[in-house]
Amino acid sequence: MTSDITTTNYWTYYGGGDSTVYNAYVLGPPKNGLFGIDLPSLAVVPGLAEGLPVAPVADGDNWSVTQPLQQGVMWSDGNEFTAADVVFTYETARDAQLGGTWLSSYPYSEDSSPRLLSLEAVDDYTIKLTFDVKPGLGTWPHNVGVNTIMSKAYWGDVVAEALGTEDPAAVIYGADGSGDPSIGGVMFDSWEEGAFVVNAANPDYSFAGQQTTVYEDGTVEVDGEQYYGSGGGNIVTSYTDGPYASQVTYSVYTDQSAAMLALINGEIDYWINPLGVSPGLRGQGLEAGNLSVAVNPTNGMRYLAFNLRKSPGSYLEFRQAVAYMIDKEFLTQNVLQGVAFPMYVMVPEGNQKWFNTEFADGIKAKYQGLSSEERLNAAMELLKGAGFTWDVEPTFDPDQGEIIPGSGITDPAGVKVPELEILAPPASYDPLRATASLWIEGWLEQLGVPAKANPTDFNTIVAKIWPGVGEEITFDMYILGWSLGNPALPTFHESFWHSRYLAEDNDGNNSTGFVNAEFDAAADAILAAETESDAYDRMWEAEAILAEQLPYVVLFDTPITEFFSSDLTFPFIQTLSGLQFGNGFTSLVQK
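Draft legend 1. Representation of the nonpolar core in the model. Core analysis: the largest hydrophobic core is formed by 162 residues, its most contacted members being Trp-102, Met-301, Leu-304, Tyr-478 and Trp-497. Considering every element that reaches this core, the biggest residue donor is helix H18 (residues 532-549), with seven residues. Ala-259, Trp-271, Ala-288 and Leu-291 belong to the second largest nonpolar core, which has twelve residues in total.

The following block contains the structure:
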């Protein structure tokens, strides 16, 4: 890895401001949910639940789901998984008022829609979930159903003690998670900060030897039980759960070059990272005789985010003006030499099931092909219309064919715009985002906006964006990326931008401070949709609002290229967002 983990506590990773992909790589494989998303088919498959998701039924004024659970599934500490663990996880999130992904996963708050009113144990192997309204697919199963279950036996005393304090969430987030038992194929073993993390094989993994086969007609067969069909056509994928390795060691490298050299030298078998191998290093991988390569479309994006809590990011016209100034085609094709492709909507083209080509092309047509003069004119019209003024206005020199930068820009409240900081990972971490930040700095300065790109350590950026509940969030702009979670039915619009997930309120993913009632309603409608067709329509209504309001300017992404030792055998390598999206498939890979 090219960045270290920041916690061993899964509660913190999921809701306490430590939601980094590197924490996911290490802390994710020991966990499981009621259901899983099979890769690469994207089908919902049984996890800790028995069978497929049970449909909601009317229950008085509410709606309920009574779901059977698997029996005989063991935690690595020797305790059996039961309904009590599921109830405990929900009640901890609710009673401790956990935020971040916990709140979106177990929507307990009065503001949640639909709201999960209760989660009860009918018996040791049956749970009953009660919602205030009929939950759409985005809530059940694609949110509540696929999220993590925690061990009551391990965490029960910690949570009980925390609930007696003034800030239960802080106490839970601050607890040591290194002994947290596993219900997955591996379990946390040790961590030497800045050097390595080790996950060891879980010798009591209850799903070891489970056989999964996916057929051409969409049938998913798990240990002989067929779902979604009768096994027609050829076999698409087939694999047997391990784990096959006694341990997985995540060595931490300072930069991409060091990680690539270690891979070529055989010091590591696989370099896991959310970006894949950068273009400058791909040649080395292709020339190495000991490596195999996988290239896949991504379920992610890299973006520029504004802080809408303060000027000038609080002005819609400023955000729109910046969007006009960023020439994504020039950036991706000329500056980044074609290794990235421009993006204009949040849903990535790689997720073909949910991508809307017609809508995306319509947004792209608004910006693509504009000359520098046309970009400046569009931006100036917006800024002047909002009341921005300059000591010296920017102009376009037709003789030189270039923009003459302005200076001394003042916002509509009469305040001089100070120098704006653009946080972005350094070139050693992601040369594409580092380069993009420099060009965006230049385009802002053409508008007369003083700006400075600041290459900053990834974990330091995360800490500035999510400084903690109640803390002031002071960043100006930042460039980061998202791996967009569940691709089978994307729910990220709601968790990223709904006003109930403000970072300062509950460490939620709404880092920009975007508050828009129309968008909130559209995001809730995605979760409430009862069919995939309706969810699709609601999703693109939400996208239309984001394309206008621009809390993010989505920039670009790349296909993900990954190299791994030819001694490794994965059951498949063609999968959305690559091997890293499955946390390296540590329970399936063989050597």
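Back to the write-up after that little detour.
Draft legend 2. Seen up close, empty space enclosed by the protein. If you walk through the whole model with that rule in mind, you get six cavities of 30 Å³ or more. Reported here for the second largest cavity is a volume of approximately 130 Å³. As for the second largest cavity, its lining consists of 14 residues, and the residues nearest its centre are Lys-328, Tyr-344, Ala-547, Leu-550 and Val-554. Elements with a contribution of two residues or more to the lining of the second largest cavity: helix H11 (357-367), H18 and strand S22 (552-557). Split into classes, the residues belonging to the lining of the second largest cavity amount to twelve nonpolar, no polar and two charged.

Draft legend 3. View of the environment of Trp-140. Following the sequence through the fold, Trp-140 ends up in the loop between strand S6 (126-131) and helix H5 (152-162). Spatially, the C-alpha atoms of Trp-140 and Pro-40 are 21 Å apart, while their sequence positions differ by 100 residues. Here Trp-140 is in contact with Leu-34, Phe-35, Pro-53, Val-54, Pro-56, Val-65, Gln-67, Leu-129, Phe-131, Pro-135 and Gly-145, once residues within four sequence places are set aside.

Draft legend 4. Expanded view of the layout of surface pockets. Estimated volume of the largest pocket: approximately 490 Å³. Val-248, Thr-249, Asp-269, Tyr-270 and Leu-568 are, among the 23 residues lining the largest pocket, the residues nearest its centre.

Rules behind the numbers
- Residues numbered from 1 in each chain as written.
- Predicted model: local features only at pLDDT ≥ 70, side-chain atom pairs only at ≥ 80, totals over all residues.
- Heavy atoms only, no water.
- Core = buried A, V, L, I, M, F, W, Y, C linked by side-chain atoms within 4.5 Å.
- Buried < 20%, exposed > 50% of the residue type's maximum accessible area, 1.4 Å probe, protein only.
- Helix = DSSP H or I, 4+ residues; strand = E, 2+ residues; numbered from the N terminus.
- 1 Å grid on protein atoms, 1.4 Å probe; cavity = no way out; pocket = protein on both sides within 12 Å on 5 of 7 lines; lining within 4 Å.
- Points joined across faces, edges and corners; volume = space filled by probe spheres on them.
- Nonpolar A, V, L, I, M, F, W, Y, C, P; charged D, E, K, R; others polar.
- Contact = heavy atoms within 4.5 Å.

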